[in-house]
Amino acid sequence: MGLTAPAPRTVLAVDAGNSKTDVAVVTTAGEVLATARGGGFRPPAVGVAAALDALAEPVARAFADAGVTGVTHVSACLANADLPVEEEQLAAALHARAWGASVEVRNDTFAILRAGVAEPRGVAVVCGAGINCVGMRPDGRTARFPAIGRISGDWGGGWGLAEEALWHAARAEDGRGGPTLLARTLPAHFGLPSMYALIEALHLEHVDQHRRHELTPVLFATAADGDPVARAIVTRLAEEVAVLATVALTRLDLLDEQTPVLLGGSVLTAGHPQLNDTVRELLSSRAPKADVRVVTARPVLGAALLGLDRLGAGTAAQERVRGHWEAG
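Residues numbered from 1 in each chain as written. Predicted model: local features only at pLDDT ≥ 70, side-chain atom pairs only at ≥ 80, totals over all residues. Heavy atoms only, no water.

Undergrad: Talk me through the pairing of strand β7 (residues 131-136); I want residue IDs and the actual numbers.
TA: Among the six residues in β7, six count as buried, and that is most of the element. Both faces of β7 are covered, namely the face carrying I131, C133 and G135 and the face carrying N132, V134 and M136. In the sheet, strand β6 (residues 122-127) pairs with β7 via six bridges, with the strands oriented antiparallel. Residue pairing in the sheet places C127 in a bridge with I131 of β7. As paired elements, β7 and strand β8 (residues 142-144) share three bridges and run antiparallel to each other. The partner of M136 across the bridge, within β8, is T142. If you look at the hairpin formed by β7 and β8, you'll find five residues sitting between the two strands, and G140 has a positive phi there, around 100 degrees. (Buried < 20%, exposed > 50% of the residue type's maximum accessible area, 1.4 Å probe, protein only. Helix = DSSP H or I, 4+ residues; strand = E, 2+ residues; numbered from the N terminus. Pairing = 2+ DSSP bridges.)

Have a look at this one:
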């Protein structure tokens, strides 16, 4: 009698961000059995239990479509898992859900990094609503930052850029600062005549606070038109991205080796020439062997690949999984 090949083991891949969650069930043979999408994952706002209850809905759909009731391993890359202790707490909470025999939780920036490289080796800087940087080596060593905000030394991200633009525009209009076109372009975005009107609208919540992120593209457009203040803000962000990447490479002893440096998140993938060109120029002098790339693949791919790494899946299986999302 011939030998029967063992059934492939399975991974539940989770990429849970502040605004949306993607989940997938994949096998160690590289087959994507099912995918599903859900809402945002916000434990700080709603509590861990409620956040996991919300995550349970797309997981249940994916399990039903895949025809499984559980998996071998859960690979979860989660927003708001900023510190190792938070990763441990969330891993324990996920383990209690009994979705998989083993669970590994990482910050969601690791998903973007792994999605952009053929092996778990490189550095990723992500700039979306906030900013973060992580690095990894195949031997398990990682580099990371708390990425909690100003108290952990962070500056940048869409929210930070909008706040900086508002600060300069307000001071330009009332005379405390130098002139900048931002004093006109920011309020004009909301159909308002002046910075005073925009300040009042934001303060009294006539314009929803969450709409501040809409000002980040306005900042970049104003910079592209040549405004010196707007251009200085963009240059400062490029400097921050380069510093994060250089420090992470140094911590991992990769500064002198050819190493991928991935740029991800809505701000860095938007194709702003001044920003991305300046990042490349800075890194060319500080980390000449950095291979700078923009990552556009969906982060759930990275979560799936991290899970396959954990289960020892081969290159062929990983390429099959990658092909599923890259073909889509």
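Undergrad: Describe in detail the pattern of salt bridges, supporting the description with residues and values.
TA: Opposite charge on two side chains permits pairing when their charged atoms draw close. Under the definition given, this model contains 17 salt bridges. The shortest N-O distance in the salt bridge between R137 and D139 comes to 4.0 Å. In this structure D139 comes out as exposed when scored by relative accessible area, which is 53%. (Salt bridge = Lys/Arg side-chain N within 4 Å of Asp/Glu carboxyl O.)

Undergrad: Before we move on, can you summarise the packing of helix α6 (residues 182-189) against helix α8 (residues 215-224) with the specific residues and values?
TA: For the pair α6 and α8, interaxial distance at closest approach is 10 Å and the crossing angle is 145 degrees. Crossing of α6 against α8: the hand is right-handed. Between α6 and α8, the contacting residues are L182, T185, L186 and H189 on the first element and L215, V218, L219 and T222 on the second. When its residues are assigned to classes, the contact of α6 with α8 shows five nonpolar, three polar and no charged. (Axes fitted to C-alpha atoms, helices over the stretch in contact; angles between N-to-C directions. Left-handed = near helix turned anticlockwise from the far one by under 90°. Contact = heavy atoms within 4.5 Å. Nonpolar A, V, L, I, M, F, W, Y, C, P; charged D, E, K, R; others polar.)

Undergrad: I'd like a rundown of the sheet that holds strand β5 (residues 100-107), residues and numbers included.
TA: The five strands lie next to each other as β3-β2-β1-β4-β5, forming an open sheet whose pairing is mixed. Of all the strands in the sheet, the pair left with one neighbour each is β3 (32-39) and β5. Ignoring strand direction, the axes of neighbouring strands in this sheet form an average angle of 15 degrees. In this sheet, β3 lies alongside strand β2 (residues 20-27) in antiparallel orientation, the contact comprising seven bridges. Along β3, the bridge assignment pairs V26 with V32. Where helix α11 (residues 299-311) meets the sheet, its contacts fall on β1 (10-16), β2, β4 (71-78) and β5, and the angle it forms with β1 comes to roughly 145 degrees. Most of the contacts of helix α12 (residues 315-327) go to β3, to which it runs at about 50 degrees, and overall it touches β2 and β3.

Undergrad: Tell me what's going on with the pairing of β4, and back it up with residues and numbers.
TA: For β4, a buried count of seven out of eight residues is recorded, marking the element as mostly surrounded by other parts of the structure. The sheet contact formed by β1 and β4 spans six bridges and is parallel. If you follow L12 over to β4, its bridge partner there is V74. Strand direction decides the pairing type here: β4 and β5, joined by seven bridges, are parallel.

Undergrad: Which residues make up the environment of T142, and what are the values?
TA: Looking at the element boundaries, T142 is found in strand β8. Expressed as a C-alpha distance, the spacing of T142 and A327, which sit 185 residues apart in the sequence, is 30 Å. Here T142 is in contact with R106, F110, G135, M136 and L252, once residues within four sequence places are set aside.

Undergrad: Summarise the side chain of D154; cite the residues concerned and give the values.
TA: The residue D154 is located in the loop between β8 and α5 (157-174) in this model. As a buried residue without a salt bridge, D154 has its nearest oppositely charged side chain in R251, at a separation of 9.5 Å. Here S152 takes part through its side chain, which lies 2.5 Å from a polar atom of the side chain of D154. For D154, the residues in contact, after removing those within four places along its chain, are I131, A147, I148 and G149. (Lys, Arg positive; Asp, Glu negative; His and termini not counted. Polar contact = N/O pair within 3.5 Å; in protein donor to acceptor, adjacent residues only side chain to side chain.)

Undergrad: Just give me the short version of the nonpolar core, but keep the residues and values in it.
TA: Grouped together as the largest cluster of nonpolar side chains are 54 residues, with contacts concentrated most on L182, L186, L237 and L275. Top element by residues in this core is helix α9 (residues 228-251). It accounts for twelve residues. Counting residues in each nonpolar core, the second largest holds 30 residues, with V117, V134, V300 and A313 among its members. (Core = buried A, V, L, I, M, F, W, Y, C linked by side-chain atoms within 4.5 Å.)

Undergrad: Which residues make up the packing of aromatic side chains, and what are the values?
TA: Taken as a whole and judged by the stated rule, the model has zero aromatic pairs. Cation over ring: R106 sits above F110, and NZ or CZ is 5.1 Å from the ring centre. Between R251 and the ring centre of F145, over which it is positioned, the NZ or CZ distance is 4.5 Å. (Phe/Tyr/Trp six-rings, centres within 6.5 Å; stacked < 30°, edge-to-face > 60°. Lys NZ or Arg CZ within 6 Å of the ring centre and 35° of its normal.)

Undergrad: Tell me about helix α2 (residues 48-66), and please be specific about residues and values.
TA: In a regular helix each residue adds 1.5 Å, so 19 residues correspond to 27 Å; α2 covers 26 Å between its end C-alpha atoms and thus fits that length. For α2, the complete set of buried residues consists of A51, L52, L55, P58, V59, A62, F63 and A66. Packing partners of the buried residues in α2 comprise β1, β2, β3, α1 (43-46), β4 and α3 (84-96). (Expected span 1.5 Å × (residues − 1).)

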